[in-house]
Amino acid sequence: MFGNYLIGLREGLEASLVVCILVAYLVKTGRKDALPPVWTGIGVAVLISMGFGALLTFGSQTLTFEAQEMLGGSLSIIAVGLVTWMVFWMRRTARHLKKELHGKLDAALAMGTGALVLTAFLAVGREGLETALFIWAAADATDDGIRPLVGAILGLLTAVLLGWLFYRGALKINLAKFFTWTGAMLIVVAAGVLAYGFHDLQEARFLPGLANRAFDVSEQIPADSWYGTLLKGVFNFQPDPTWLQVAAWGLYLVPTLVVFFAPGRAGRVAPSRAATEESKRDETPVATATPSVDGGGSDAAVAGDGDGLRDGARRTGSHPVGEQQG
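As the structure is a prediction and not an experimental result, all values here were calculated from the model. (Residues numbered from 1 in each chain as written. Predicted model: local features only at pLDDT ≥ 70, side-chain atom pairs only at ≥ 80, totals over all residues. Heavy atoms only, no water.)

A count of helices and strands for the protein gives twelve helices and zero strands. Overall, the protein shows an N-to-C arrangement of helices and strands of α-α-α-α-α-α-α-α-α-α-α-α. Considering the protein as a whole, with its 326 residues, one finds that 46% of them fall into the buried category. Expressed as a percentage of contacts within the protein between residues at least 6 apart in sequence, the contacts between residues at least 24 apart total 82%. Surface summary for the protein: the accessible area is close to 15900 Å², and the carbon and sulfur share equals 67%. (Helix = DSSP H or I, 4+ residues; strand = E, 2+ residues; numbered from the N terminus. Buried < 20%, exposed > 50% of the residue type's maximum accessible area, 1.4 Å probe, protein only. Contact = heavy atoms within 4.5 Å. Areas by Shrake-Rupley, 256 points an atom, 1.4 Å probe, with all protein chains shown as cover.)

Okay, here's the thing in structure tokens:
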């Protein structure tokens, strides 16, 4: 359940930040008339993501056992690949996310309502589809009834609440550290999903070695014990894995964490001092009087340099949330 809560929280928070940036930019620039198409695109993205999750859940039930295991194993591996890419992508491009979204929104405003709907849909839909796939894969790996879904929903609700607090400027948090450590935990969860995906492929008789157990600690860690359930829910731990599962788990987890925490990545991700100064010249000095419409510092919300969200209007003349512009 905790693993799925983490997935819902991490993925949902990314989507919430995207929504905050889009809405805050339209409010700040006096284009509140463009908010309905944006919310329409966001709503369509959410509905399609939910439909995709339902299709994965109920569509696979009509298949044979071997086909279900083949589908589950294949989608688990795909989900791990997507989530791994997302974790590294977020760490690399978070600093420039706001500017990128603003550019796309400006282009969409010039093109009309349909472009606004499409922009909002694509911005949120990618996160939604990735979330649906990975939650389904993680829930399939744990095989723990409805609790994985409850955990994922709680994580998503927490993310929505945090996003609203960010927008209102009522919450300060170091998002750089948050995404770093949740990204690392998500890699650990993904390793368990990957191992179970290979186990599914073995049960589908697509891969050999199903009977070759690396170890068996079922007596020491019973699957129905509280600690066995906890290990299963958090790490997708299996007390009797095959050698292929152990190899997949180790060959994915260790190199991925090493690269993720490699000291050299910080240097490659962070822009040069000259680039930073040039970026700062493009921004208006911060005034600290009132919370801004972009949640008291959307730049900080997606910054990769460790700055937390902070209160303060981003430019002179910005209006507090909910206040009409003249």
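Okay, back to it.
A separate point is the packing of aromatic side chains. Any pair of aromatic rings gets described here by the distance separating the centres and the angle formed by the planes. Evaluation of the coordinates by the stated rule reveals three aromatic pairs. Each ring, one from Phe88 and one from Phe260, has its centre 5.5 Å from the other, and the planes form 90 degrees; the classification is edge-to-face. One end of the pair, Phe88, is in helix α3 (residues 65-93); the other, Phe260, is in helix α9 (residues 243-260), and 172 residues separate them in sequence. In this structure, Phe88 and Phe260 share a single accessibility class: buried. When the ring of Trp181 is compared with that of Phe261, the centres are 5.5 Å apart and the planes differ by 45 degrees; the resulting orientation is tilted. In this pair, Trp181 is assigned in helix α7 (residues 175-203) and Phe261 in the loop between α9 and α10 (263-269), connecting sequence segments 80 residues apart. (Phe/Tyr/Trp six-rings, centres within 6.5 Å; stacked < 30°, edge-to-face > 60°.)

The next thing to look at is the environment of Ala141. By the element assignment, Ala141 lies in helix α5 (residues 113-142). Note: C-alpha distance between Ala141 and Gly197 (56 residues apart in sequence) is 7.5 Å. Discounting residues that sit within four places of it in the chain, Ala141 has contacts with Tyr196, Lys232 and Asn236.

Residues with a pLDDT of 70 or more make up 75% of the protein, whose mean pLDDT is 75. Considering each helix and strand of the protein separately, the mean pLDDT is smallest for helix α12 (residues 298-301), with a value of 41, and largest for α9, with 94. Between residues 266-326, whose pLDDT stays under 50, and residues either more than four places distant or in other chains, the model counts 109 contacts. (pLDDT = per-residue confidence, 0-100.)

Looking now at the nonpolar core. Ile7, Val80, Val87, Phe134, Leu186, Val193 and Tyr252 are the most contacted members of the largest nonpolar core, which has 28 residues in total. Among the elements of the structure, α1 (2-28), α3, α5, α7 and α9 are those that each provide at least two residues to this core. Among the elements that make up this core, the one with the highest residue count is α7 (eight residues). Contacts of Tyr252, omitting those with residues within four sequence positions, involve Val80, Thr84, Ile187, Ala190, Ala191 and Leu194. Judged by nonpolar contacts, the second largest core, of 26 residues, contains Ala34, Leu35, Leu101 and Ala120. (Core = buried A, V, L, I, M, F, W, Y, C linked by side-chain atoms within 4.5 Å.)

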